[in-house]
Amino acid sequence: MPVDLLAELMAGALDDASARESALDIAALEARALAQTPALDALAALAPAETVKVIAEVKRASPSRGELASIADPAALASLYASGGASAISVLTEGRRFKGSLADLEAVRSAVDVPVLRKDFIGTEYQVLEARASGADIVLLIVAALDQLTLERLHAFTTSLGMVALVETHDAVEVSRAVDIGARIVGVNARDLSTFELDADLFGRLSDRIPAGTIKVAESAVKHPADVAHYRASGADVVLIGEALVTGDDPVTTLKEFLSV
Ligand SMILES: O=P(O)(O)OC[C@@H](O)[C@@H](O)c1c[nH]c2ccccc12
């Protein structure tokens, strides 16, 4: 039986969050979250427009691709992304396999004035509060990693904090589960998080199942401008790009090329 990598990533992220919780309890964390400047309006920032939008990701490594970039200064990279025209910045905060942290998220938050996404394996209210306390405006909720009641509860909790969730799917059943909880932003990840296989046509096959009025995000597998054009032609409002931006020499130019398809 193949090891379920998504389950492993989720279990690791939950363990790490429990360790942080023994140093800062949920009441103290909540106080920090509520003391933050209110979340930015990510629905407005990512709203469908005449041209495609990009969420640019700060990503040092991944389990499927290994080391990608050292990124000594995530704030500086995020500023470049914003100046290149990114509509939001995604920050991987998972430490074990993606080599990110909440400190990265905080650094990015103070460097840019576009919405910031906490990209992690989120399964508890504690992690959602951490996102807000570190300045996130958007959190990732991965449908495949959550049972429907938990998904619904975390989605409602995210909204109650003034944030919005990017609800990530990978098949038709998951898209209907996202729609059922009233997701306003639905992502389709071309990468299967259990096997890491890529399917760049998956977004196109699922796109029509996402109702009008929902922001449609195509995630992963963009290497060239033609890949952005492909997602756009299949109905993507927003494309989420990591590897191609962190491994290229010049993220601003790369981003501009992606945005001009
Ligand atoms: O580096 P890429 O292929 O451009 O992919 C970015 C992003 O879609 C990917 O990092 C991602 C999408 N969903 C996730 C969930 C967890 C961790 C990572 C991800």
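- As recorded in an unreviewed UniProt entry, the protein chain goes by the name indole-3-glycerol-phosphate synthase, listed as coming from Herbiconiux moechotypicola.
- In UniProt, the protein chain has this text filed under Catalytic activity (unreviewed entry): "1-(2-carboxyphenylamino)-1-deoxy-D-ribulose 5-phosphate + H(+) = (1S,2R)-1-C-(indol-3-yl)glycerol 3-phosphate + CO2 + H2O".
- The record held by UniProt for the protein chain lists under Pathway (unreviewed entry) the comment "Amino-acid biosynthesis; L-tryptophan biosynthesis; L-tryptophan from chorismate: step 4/5."

### Re the pairing of strand β7 (residues 164-169)
Point 1. By the criterion of burial, β7 is predominantly enclosed, with 6 of the 6 residues buried.
Point 2. Here β7 shows no split at all, with V164, L166 and E168 on one side and A165, V167 and T169 on the other all buried.
Point 3. Bridge count between strand β6 (residues 138-142) and β7: 5 bridges; the pairing is parallel. Bridge assignment links I138 to a residue of β7, and that residue is V164.
Point 4. Taking the sense of rotation as the criterion, the β-α-β connection linking β6, helix α7 (residues 148-160) and β7 turns out right-handed.
Point 5. Two strands pair when backbone bridges link them, and β7 and strand β8 (residues 185-189) are joined in this way by 4 bridges, in the parallel orientation. If you follow V167 over to β8, its bridge partner there is V186.
Point 6. Note that the unit made of β7, helix α8 (residues 172-180) and β8 has a crossover that is right-handed.

### Some remarks on the pairing of strand β1 (residues 53-58)
Point 1. Within β1, 6 of the 6 residues are buried, which leaves the element mostly enclosed by the surrounding structure.
Point 2. In this structure, β1 lies alongside strand β10 (residues 238-241), joined through 4 bridges in parallel fashion. When the bridges of β10 are listed, A56 appears paired with I241.
Point 3. Both β1 and strand β4 (residues 88-92) contribute to a ladder of 4 bridges, which runs parallel.

### Description of the UniProt feature "domain: Indole-3-glycerol phosphate synthase" (unreviewed entry) in the protein chain
Point 1. UniProt records the feature "domain: Indole-3-glycerol phosphate synthase" (unreviewed entry) at residues 10-257, using the numbering of this structure.
Point 2. Taken as a whole, residues 10-257 contains 42% helix and 18% strand, while its terminal C-alpha atoms sit 34 Å from one another.

### Details of the sheet that holds β10
The pairing of strands in a sheet happens through backbone hydrogen bonds and is either parallel or antiparallel.
Point 1. Strand order in the closed barrel made by the 8 strands is β1-β4-β5-β6-β7-β8-β9-β10, with parallel pairing throughout. Each strand of the sheet is rotated relative to its neighbour by a mean of 25°, with strand direction disregarded.
Point 2. Pairing between strand β9 (residues 215-219) and β10: 3 bridges, direction parallel. Note that in β10 the partner of E219 across the bridge is L240.

### Quick notes on helix α6 (residues 125-133)
Point 1. Across the 9 residues of α6, 7 count as buried, placing the element largely inside the fold.
Point 2. Those residues of α6 that sit buried are Q127, V128, L129, E130, A131, R132 and A133.
Point 3. Where α6 is buried, its residues touch α1 (5-23), α2 (26-34), α5 (102-111), β5 (116-119), β6 and α7.
Point 4. G135, located one to two residues past α6, shows a positive phi value of around 95°.

### As for the site of the ligand
Point 1. Close to the ligand lie 14 residues, the nearest being E219, S220, L240, G242 and E243.
Point 2. Counting only elements with at least two residues in the shell around the ligand, the list comes to β10 and α11 (243-247).

### Here we look at the packing of helix α4 (residues 74-83) against helix α12 (residues 251-259)
Each pair of packed helices can be described by the angle between their axes along with the distance between the axes.
Point 1. Orientation of α4 relative to α12, taken along the N-to-C sense of each, is 35°, at an axis distance of 8 Å. Taken as a pair, α4 and α12 cross one another with a handedness that is right-handed. Seen from α4, the contacting residues are L77, L80, Y81 and S83; seen from α12, they are P251, V252 and L255.
Point 2. Among the residues forming the contact of α4 with α12, the class breakdown is 6 nonpolar, 1 polar and no charged.

### Thoughts on helix α10 (residues 225-233)
Point 1. Among the residues making up α10, those that are buried are D227, V228, H230 and Y231. Burial along α10 is one-sided: seen end-on, the buried residues are contained in an arc of 155°. In α10, those exposed residues whose orientation departs by more than 90 degrees from the buried face are A226 and A233.
Point 2. Those residues of α10 hidden inside the fold are in contact with α9 (202-206), β9, β10 and α12.

Calculation rules
- Residues numbered from 1 in each chain as written.
- Predicted model: local features only at pLDDT ≥ 70, side-chain atom pairs only at ≥ 80, totals over all residues.
- UniProt positions renumbered as here; feature names shortened; annotations may be inferred.
- Buried ≥ 20, exposed ≤ 12 C-beta atoms within 10 Å, placed from the backbone.
- Helix = DSSP H or I, 4+ residues; strand = E, 2+ residues; numbered from the N terminus.
- Pairing = 2+ DSSP bridges.
- Right-handed = clockwise from strand over helix to strand, strands pointing away.
- Axes fitted to C-alpha atoms, helices over the stretch in contact; angles between N-to-C directions.
- Contact = placed C-beta atoms within 7 Å.
- Near = placed C-beta within 6 Å.
- Left-handed = near helix turned anticlockwise from the far one by under 90°.
- Nonpolar A, V, L, I, M, F, W, Y, C, P; charged D, E, K, R; others polar.
- Arc of directions from axis to C-beta.

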